[in-house]
Amino acid sequence: MSEETIFAKIIRGEARADKVYEDEKLLAIKDIQPLAPVHILIIPKKFIRDISQATDEDQDLLGAMLLVATDIARQQGLEEGGYRLAFNCGEDAGLMVPHLHLHLIGGSKLGTPA
Ligand code: 5GP
């Protein structure tokens, strides 16, 4: 599977994105087609195709993604109302970009996932 996704270009600074957080391991950007008032993608800079491809070596990275997501949720004022964190994996889940990313979605009443 090619590592050459739009997220790889955004990570390298070759494509524009509305960044909300960045550190040496992770980038968080606003989703270009938000499903709710807040829709942010937390993306590891390391290429991992999807959550099924993560290994023991990625434990810290996955933990960091979750903690950054909860920090951003707090900063976005979502703590009281609640929010959803989701990984899409594979075709049935509708994975569009094959570079691991965690969706942070909130700011309105969310529909029940299928
Ligand atoms: P997936 O279905 O792969 O889990 O979700 C990929 C997400 O990336 C979608 O919500 C889509 O709107 C978002 N996306 C796709 N291309 C771009 C882009 O160029 N910039 C940003 N910020 N988001 C994108």
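These notes cover the structure that comes with them. Once a new chain begins, its residue numbering starts again from 1 and follows that chain's sequence as written. pLDDT decides what is reported in this predicted model: residues at 70 or higher carry local features, side-chain atom pairs at 80 or more are listed and counted, and totals for whole chains, interfaces and linings draw on all residues regardless. Hydrogen atoms and water are omitted, and side-chain values are computed over all heavy atoms in the structure.

1. Quick look at the overall build of the chain
Moving on, step 1. Looking only at helices and strands, the chain has two helices and five strands in total.
Moving on, step 2. Note on conventions: DSSP H or I runs of at least 4 residues are helices, E runs of at least 2 residues are strands, and numbering of each starts at the N terminus. When its helices and strands are written in sequence order, the chain yields α-β-β-β-α-β-β.
Moving on, step 3. Two things to know: the radius of gyration comes from C-alpha atoms, and the globule rule equals 2.2 Å times the number of residues to the power 0.38. At 14 Å, the chain has a C-alpha radius of gyration in line with the 13 Å of a compact globule built from 114 residues.
Moving on, step 4. Seen along its three principal axes, the alpha-carbon backbone of the chain occupies a region of about 35 × 30 × 30 Å.
Moving on, step 5. Three labels apply to residues, based on accessible area from a 1.4 Å probe with only protein chains included: buried if under 20% of the type maximum, exposed if over 50%, partly exposed otherwise in between. Taken over 114 residues, the chain has a buried fraction of 36%.

2. Details of the site of the ligand
Moving on, step 1. The environment of the ligand is made up of 16 residues, and the closest members are Lys-30, Asp-31, Met-96, His-101 and His-103.
Moving on, step 2. For this analysis, a polar contact is any N or O atom pair within 3.5 Å, provided that within protein one partner can donate a hydrogen and the other can accept it, and provided that sequence-adjacent residues contribute only side-chain to side-chain pairs. Within the side chain of Asp-31, one N or O atom sits 2.5 Å away from an oxygen atom of the ligand.
Moving on, step 3. Between Asn-88 and the ligand, the recorded distance is 2.9 Å, taken from a side-chain N or O atom to an oxygen atom.
Moving on, step 4. Here the ligand, which alone exposes 520 Å², has 87% of that area covered by the protein.
Moving on, step 5. Per element, the largest residue contribution to the shell around the ligand is three residues, and it comes from helix α1 (residues 6–11).
Moving on, step 6. Classification convention: Asp, Glu, Lys, Arg as charged; Ala, Val, Leu, Ile, Met, Phe, Trp, Tyr, Cys, Pro as nonpolar; all other residues, Gly among them, as polar. Each residue belonging to the shell around the ligand can be placed in one class, and the counts come to nine nonpolar, five polar and two charged. For this purpose, a residue is taken to be near a molecule or strand whenever a single non-hydrogen atom of the residue falls within 4 Å of it. To be clear on the numbers: accessible area is Shrake-Rupley with a 1.4 Å probe, and residue cover counts the displayed protein chains and nothing else.

3. A closer look at the pattern of salt bridges
Moving on, step 1. By convention in these notes, a salt bridge is any Lys or Arg side-chain nitrogen within 4 Å of a carboxyl oxygen on Asp or Glu. Evaluated as defined, the whole model comprises 10 salt bridges.
Moving on, step 2. Note that Lys-45 is salt-bridged to Glu-22, the shortest N-O span being 2.8 Å. Remark: Glu-22 occurs in strand β1 (residues 19–22) and Lys-45 occurs in the loop between β3 (38–44) and α2 (59–75); sequence separation between them is 23 residues.
Moving on, step 3. Among the ionic pairs, Glu-57 bridges to Lys-46, the shortest N-O distance being 3.2 Å. Residue Glu-57 is found in the loop between β3 and α2, and its partner Lys-46 is found in the loop between β3 and α2; the two are separated by 11 residues along the sequence.
Moving on, step 4. By relative accessible area, Lys-46 is classed as partly exposed at 35%.

4. Considerations on the nonpolar core
Moving on, step 1. Note on terminology: a nonpolar core comprises buried Ala, Val, Leu, Ile, Met, Phe, Trp, Tyr and Cys residues joined through side-chain atoms within 4.5 Å. Ranked by internal contacts, the top residues of the largest apolar core, which has 18 residues, are Leu-26, Ile-40, Ile-42, Met-65, Ile-72 and Leu-104.
Moving on, step 2. For this core, the secondary-structure elements that each account for two or more residues are β2 (26–30), β3, α2 and β5 (102–106).
Moving on, step 3. Broken down by element, this core gets its largest block of residues, eight residues, from α2.
Moving on, step 4. Not counting residues within four places of it along the chain, the set of residues in contact with Ile-72 comprises Val-20, Tyr-21, Ala-28, Ile-40, Ile-42 and Leu-104.
Moving on, step 5. Counting nine residues, the second largest nonpolar core, distinct from the first, contains Phe-7, Leu-27, Ile-29 and Val-97. The contact rule is simple, with two residues in contact once any of their heavy atoms fall within 4.5 Å.

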